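Working through the structure, step by step
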Amino acid sequence: MMLDLGILSFGFFQNAILAAVLASIACGIIGSLVVVKRMVTVSGGISHAAFGGVGLGYLFSIDPIVGAFLFTVGVALGIGILKERAGQEIDTLIGAVWAAGMAVGVISVSLAPGYAPDLFSYLFGNILLVPPGDIQLMAVFCAVIVAIVATFYLPLQAVTFDEEYARVMNIPVTAISLLLLLLTAVCVVILIRLVGIILVIALLVLPAASVRGFVTRLPAMMASSIVLSLVISLSGLVLSYLWDLPSGATIILLGAAVYAASLPLSRIRTARQGSGTRSGRPLPQQGERGRQ
Amino acid sequence: MSWRTWSGYRVPLRGVTVRNNEGGDGGTRPVIEVRDVSFRLNGVQVLDRVSFTVKRGDFYALIGPNGGGKTTLLKIILGLLVPEEGTVAVLGQPPERARSRIGYVPQFRTFDFSYPITAREMVLLGRLSRARQIWARYTPADREAADRVLGRLEMADLADRPLSRLSGGEQQRAILARALVGDPEILVLDEPTVYIDAPTEVQFYDLLEDLKKDLTILLVSHDIGVISRHVTRVACLNRTLYTHDSPEITEDMVEAAYHCPVDLIAHGIPHRVLRDHPGKGGA
């Protein structure tokens with residue numbers, strides 16, 4: 001339904017709001033999983049590598065956003081498969097993918113005939129210029145994310161909480177981890193239009209990280225990240241419009257400010273609850289580690 | 001040298017019941033059978049032809065220094081690692097098949113305690129191995145089991161508390177509850193009390209004492225301390241396993257596993273620690 005409204009020539013502002021809603025749903029859900037699973041760096045690698053897909057899109061004259069989708073899915077699969085073998089080298093692997101993906105993009109754009117329109121908006125986003133076709137794509141991707149996370153919620157919770165125990169519970173940990181990487185790739189594509197490839201990782205992670213200290217359950221974390229991310233992107237949209245600033249960067253700076261504010265607030269909250277957190281927190285693990 | 005001089009002190013062994021199931025088990029097959037298992041990690045030999053057998057009703061303690069391969073051995077028994085050589089059978093099956101009947105208490109702090117999850121949700125995760133499909137939801141039976149085990153561990157009123165707001169001892173009980181909620185036949189514990197204070201530790205072992213009536217327990221520790229009052233069998237692991245696979249610790253076994261904490265010898269292995277060694281000063 002929202003889909004149709006988007007296509008019918010609503011003003012660019014309504015389109016922007018729709019884009020913000022879809023992006024917030026996606027990044028609230030996936031961002032929460034990314035934050036609790038501590039895979040922010042991996043997500044950063046996937047999102048930056050998306051530029052390779054945009055560049056290839058220009059080179060082969062397909063829609064850059066479709067190129068980005070195919071490319072990020074490929075990168076996510078590659079990281080997921082290599083991760084098992086990389087072990088300690090996972091950081092290096094991510095760094096390599098991160099830079100190589102962008103390099104592919106730069107070279108493709110330079111080889112592509114003629115001028116690359118919108119290139120800047122893929123890199124830094126422009127919420128006011130999201131074409132209706134992309135809104136449709138975002139809506140489909142968003143529905144896919146919601147459906148898959150709802151279906152596989154328990155295994156996703158198990159794997160993001162305690163991977164080893166999930167394995168003991170006979171959950172296909174490798175497959176579920178790969179699924180999460182793929183969902184992250186899909187989410188990145190949804191967010192590109194909003195804040196651009198360079199800034200995607202911030203929008204993905206900052207709302208979830210901001211609410212983390214205030215929630216006690218994963219679904220609550222997802223729901224409140226959705227709301228917060230919507231508030232951040234809409235306020236960013238309005239501010240950028242009023243002050244004539246780039247919308248993507250404005251949204252991200254707002255997000256960073258909210259995150260910065262959340263840190264002392266959550267600490268105060270923890271302290272006031274007189275929780276067992278502090279006293280229950282043990283010394284750092286010394287000696288025998290889990291994986292000897 | 002007598003065993004008393006190794007130890008420094010003794011503890012009274014009152015009120016200890018020894019469950020020695022040697023041959024008294026109606027000839028059932030071993031619960032855990034490890035045969036000639038070797039494992040190398042990054043080129044370092046962690047386990048070298050380790051063999052031992054855990055029988056039904058045992059409270060088996062594997063002790064040994066840090067880095068002696070205890071955790072690795074547990075992971076092999078759980079099917080998380082595959083040994084390079086040797087075989088492992090759990091309840092007569094390969095580990096991956098049998099592990100749904102194992103309750104696993106991993107080393108404390110191997111996961112993130114600030115994860116947004118309540119004690120009940122965490123305990124429920126221990127029921128996932130029973131799910132028929134990967135997308136299945138918890139059944140009423142799952143929820144009842146979780147409440148029952150939380151009640152048994154005196155955690156009922158903490159069930160909806162987030163993990164991050166439980167004390168260390170409560171967190172440890174939640175981890176134990178997660179291991180028990182699937183009604184396992186075997187309980188496997190990896191250094192379960194390293195990070196909790198001494199009174200909590202005593203409570204924890206009292207709990208295990210209670211559980212060992214229904215369960216076979218395999219416990220790994222580098223510190224025999226409190227454990228010794230409860231175990232029925234003990235072996236020392238430091239790359240190789242030093243045991244005669246009997247409830248006795250022998251002098252040569254301890255000498256061989258030199259790194260074992262020596263106070264285990266008198267700190268109350270609840271039954272015969274050493275055979276009589278006439279002419280060696282008596283025991």
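Computed from a predicted model, the values in this text were never measured in an experiment. (Residues numbered from 1 in each chain as written. Chains lettered and ligands numbered in written order. Predicted model: local features only at pLDDT ≥ 70, side-chain atom pairs only at ≥ 80, totals over all residues. Heavy atoms only, no water.)

Some words on the pattern of salt bridges
- As enumerated under the stated definition, the model contains 23 salt bridges over all chains in all.
- When the shortest N-O distance is used, the salt bridge between R193 of chain A and D134 of chain A registers 2.5 Å. Residue R193 of chain A is located in helix α10 (residues 173-195), and its partner D134 of chain A is located in helix α7 (residues 132-151); the two are separated by 59 residues in the primary sequence. Residues R193 of chain A and D134 of chain A agree in their burial class; the two are buried.
- Measuring nitrogen to oxygen at the nearest pair gives 3.9 Å for the salt bridge that ties R152 of chain B to D214 of chain B. Residue R152 of chain B is located in helix α5 (residues 140-152), and its partner D214 of chain B is located in the loop between α7 (198-211) and β7 (216-221); the two are separated by 62 residues in the primary sequence.
- Sharing partners across several salt bridges, the network here consists of R152, D210, K213 and D214 of chain B. (Salt bridge = Lys/Arg side-chain N within 4 Å of Asp/Glu carboxyl O. Helix = DSSP H or I, 4+ residues; strand = E, 2+ residues; numbered from the N terminus. Buried < 20%, exposed > 50% of the residue type's maximum accessible area, 1.4 Å probe, protein only.)

Some remarks on the sheet that holds strand β6 (residues 186-190) of chain B
Residue and element names in this part refer to chain B.
- Spatial ordering of the open sheet is given by β5-β6-β7-β3-β8-β9, a layout of 6 strands whose pairing is mixed. Each edge of the open sheet carries a strand with a single partner, namely β5 (102-105) and β9 (240-242). Strand-to-strand twist of the sheet, defined as the mean angle between neighbouring strand axes without regard to direction, takes the value 20°.
- Where strand β3 (residues 59-63) lies against strand β8 (residues 233-238), 4 bridges are found, and the strand directions are parallel. (Pairing = 2+ DSSP bridges. Axes fitted to C-alpha atoms, helices over the stretch in contact; angles between N-to-C directions.)

A look at the packing of aromatic side chains
- Per the counting criterion, the structure on display carries 9 aromatic pairs over all chains.
- Through pairs of rings, three or more aromatic residues link up here, namely F161 of chain A together with F111, F113 and Y115 of chain B.
- The residue whose ring lies beneath R178 of chain B is Y165 of chain A, and the NZ or CZ to ring-centre distance is 3.5 Å. (Phe/Tyr/Trp six-rings, centres within 6.5 Å; stacked < 30°, edge-to-face > 60°. Lys NZ or Arg CZ within 6 Å of the ring centre and 35° of its normal.)

Description of the sheet that holds strand β2 (residues 44-54) of chain B
All names here are of chain B.
- Pairing in this open sheet of 3 strands is antiparallel, and the strands run β2-β1-β4 from one edge to the other. Across the chains shown, the open sheet's two edge strands, defined by having one partner strand only, are β2 and β4 (85-90). Ignoring which end each strand starts from, the neighbouring axes of this sheet average 25° apart.
- Relative to β2, strand β1 (residues 32-41) runs antiparallel, the two being bridged by 7 bridges. Directly across from I32, in β2, lies its bridge partner V54.
- Docked against the sheet, helix α2 (residues 70-77) engages β1, β2 and β4, running at close to 60° with respect to β2. (Contact = heavy atoms within 4.5 Å.)

Remarks on the environment of A146 of chain B
Residues and elements named next belong to chain B.
- Along the polypeptide, A146 turns up in helix α5.
- Each C-alpha atom, one on A146 and one on L81, is 29 Å from the other, the two residues being 65 residues apart in sequence.
- Leaving out residues up to four positions away in the same chain, A146 has contacts with V123, L124 and V181.

Notes on the packing of helix α2 (residues 12-36) of chain A against helix α11 (residues 200-211) of chain A
Residue and element names in this part refer to chain A.
- With their axes 8 Å apart at the nearest point, α2 and α11 run at an angle of 75° to one another. Judged on the interaxial angle alone, α11 and α2 are roughly perpendicular. Where α2 approaches α11, its residues C27, I30, G31, S32, V34 and V35 are matched on the opposing element by L203, L204, V205, A208 and A209.
- The residue makeup of the contact of α2 with α11, split by class, is 9 nonpolar, 2 polar and no charged. (Parallel < 35°, antiparallel > 145°, perpendicular 65-115°, else oblique. Nonpolar A, V, L, I, M, F, W, Y, C, P; charged D, E, K, R; others polar.)

Observations regarding the nonpolar core
- Counting residues in each nonpolar core, the largest one holds 173 residues, and the members touching the most others are I145 of chain A together with F52, L62, L176, L187, L208 and L218 of chain B.
- For this core, the leading source of residues is α10 of chain A, giving 16 residues.
- Ignoring any residue separated from it by four or fewer positions in sequence, one finds L62 of chain B in contact with F52, K70, L73, L218, L219, V220, S221, A235, L237 and L241 of chain B. (Core = buried A, V, L, I, M, F, W, Y, C linked by side-chain atoms within 4.5 Å.)

What to know about α7 of chain A
- Taking 1.5 Å per residue, 20 residues should reach 28 Å; α7 of chain A reaches 29 Å between its end C-alpha atoms and fits that length.
- Considered for burial, the residues of α7 of chain A that qualify are D134, I135, M138, A139, F141, C142, I145 and V149 of chain A. (Expected span 1.5 Å × (residues − 1).)

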